[in-house]
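Fold and contact review
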Amino acid sequence: MAKTLKFTNVRKTTFFATVRERVDAYFVAEGISRHANGAMWAKTIFFLSGYLGLYLLILSNQFGLLAMAGLAALMGAFAAFIGFNVCHDALHGAFSANKNVNKWLGMVFNLIGASPYVWNITHNIVHHTYTNIAGHDEDIEVAPGLIRLSEEEPVRWIQRFQHWYAFPVYGLASLSWVLRKDYVKFFQGKIGEHVTKHPRREYVNLFLYKAVYYALFIILPLVVLDITWWQFALGFVWMHFVEGLVLGLVFQLAHVVEGTAFPLPDEQGDMREAWAVHQMRTTANFSPDSKLASFLCGGLNRQVEHHLFPKVCHIHYPALAPILRQTALEFGVPYIENKTFFGALQSHYRMLRQMGPEAYRQARTERVAVAA
């Protein structure tokens, strides 16, 4: 596969120029900013105060083990919701027109155990540019060798069962992020085919903020709480399992469902389509009309709008959706959508079966035919 990719608008489509013009016209006509409004600030305060409140309740040492487990699960969910609603927008520069506001809200990412610097590279630069392209978008490499989400990956015997074990594996995503993933991505030299060269201060920041997280969420609870070390370990893993499962499901339902494409470049590394059209082919919405999903997922249930307009605060996505849908229809561009969360979940499950046991059976049949 070519190391450097490019998107050539071979069909000379004006889809993106048109939809961008219409979105700009919407904000002008409404006289509103494309950044956070009062409702966005309210939900930010809700999630941040909820996270802090749950943390303090756990450290209060006033609850039994079952209640502590419930608080830990809620805290894991709130960590995911902060990532979706607050940090995600801030790191895209969408939360505020003030760069310092985005910077400080993005730093909250450290308090859920993840590096905002590494995220900016893996997500903002790589994933948003090379969505669903094998060898470039590492977001579709969830657990290489264990979970197969692309036709380009070799089929392994264990993947016959991936539709059963994939969801528990998703639950390990946050724990891996906190203890392993950021370090691996930081030091591996390149992410996908994006070569990384880090400023010296980021080496300090990586270890410093990880140490702060470990101090607040491992050392301090062990000192303060009247529980055994193994009870704490179970609670810590449980909290991150809930967080990881929420994170994993939301991201997988946006890109690995029926109808989304996993296109490959030609031999010259050319995708032979406009970048915006590529995003429309590789991205899907779920539960677009659910106010609860929009509140909890930070607009990531509307990934189509997000991938085309990542610098627009997600609070505006419901208003932008009809514009994108109508423009896509006019230009013959796909607008992929699962009306419910469970519909998207079922679609993802079928994709896991298709890429796992069904692909394994097909590969085995082909091997037998060749041997005969």
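Residues numbered from 1 in each chain as written. Predicted model: local features only at pLDDT ≥ 70, side-chain atom pairs only at ≥ 80, totals over all residues. Heavy atoms only, no water.

In the annotation of an unreviewed UniProt entry, the protein chain is listed under the name Acyl-CoA desaturase and assigned to Hymenobacter perfusus.

1. A look at the overall build of the protein chain
Selection rule: Helix and strand definitions follow DSSP, with helices as H or I runs of at least four residues and strands as E runs of at least two, each counted in order from the N terminus. Both definitions apply: the radius of gyration is a C-alpha atom measure, and the globule rule equals 2.2 Å times residues to the power 0.38. Buried means the residue's accessible area, taken with a 1.4 Å probe over protein chains only, is under 20% of the maximum for its type, while exposed means over 50%, and partly exposed covers the values in between. Throughout, a contact is declared for two residues whenever any of their heavy atoms are within 4.5 Å.
The helix and strand tally for the protein chain stands at 14 helices and four strands. Expected size for 372 residues packed as a compact globule is a radius of gyration near 21 Å; at 21 Å, the protein chain falls within 12% of this value. Over its C-alpha atoms, taken along the principal directions, the protein chain stretches across nearly 65 × 65 × 45 Å. Per-residue burial for the protein chain yields a buried fraction of 51% across its 372 residues. Sequence-distant contacts in the protein chain: of pairs separated by 6 or more residues, those separated by 24 or more amount to 72%.

2. Description of the packing of helix α3 (residues 65–91) against helix α9 (residues 229–255)
Our working rule: Interaxial angle, 0 to 180 degrees, is taken between N-to-C directions of lines fitted to C-alpha atoms, where a helix line uses only the stretch in contact. In this scheme the crossing of two helices becomes right-handed for a clockwise turn of the near helix relative to the far one and left-handed for an anticlockwise turn of less than a right angle. Under this grouping Gly is polar, as are all residues other than the nonpolar Ala, Val, Leu, Ile, Met, Phe, Trp, Tyr, Cys and Pro and the charged Asp, Glu, Lys and Arg.
One way to put it is that α3 packs onto α9 with a least axis distance of 8 Å and a crossing angle of 35 degrees. When the axes of α3 and α9 are compared, the crossing they make is right-handed. Together, Leu-65, Ala-69, Ala-72, Ala-73, Met-75, Gly-76, Ala-77, Ala-79, Ala-80, Phe-81 and Phe-84 of α3 and Gln-231, Gly-235, Trp-238, Met-239, Val-242, Glu-243, Val-246, Leu-247, Val-250 and Phe-251 of α9 make up the contact between the two elements. In terms of residue class, the contact of α3 with α9 is made up of 17 nonpolar, three polar and one charged.

3. Some thoughts on the UniProt feature "transmembrane region" (unreviewed entry) in the protein chain
Applied cut-off: UniProt positions are given in the numbering used here, feature names are shortened, and annotations may be inferred rather than shown by experiment.
The UniProt feature table records "transmembrane region" (unreviewed entry) at residues 40–58, 65–84, 207–230 and 236–257. Here residues 207–230 is 83% helix and 0% strand, with 25 Å between the C-alpha atoms at its ends. This span, residues 236–257, is 91% helix and 0% strand, and a straight line between its end C-alpha atoms measures 31 Å.

4. A closer look at the side chain of His-163
Heads up, the rule is: Nitrogen and oxygen atoms within 3.5 Å of one another constitute a polar contact, given that in protein one can donate a hydrogen and the other can accept it, and given that sequence-neighbouring residues count only through two side-chain atoms.
Tracing the chain through its elements places His-163 in helix α6 (residues 162–170). On the basis of relative accessibility, which here comes to 5%, the residue His-163 falls in the buried class. Only 3.2 Å separates the side chain of His-163 from the side chain of Arg-353, close enough to count as a polar contact. Setting aside residues no more than four positions away along its own chain, His-163 makes contact with Tyr-349, Leu-352, Arg-353 and Pro-357.

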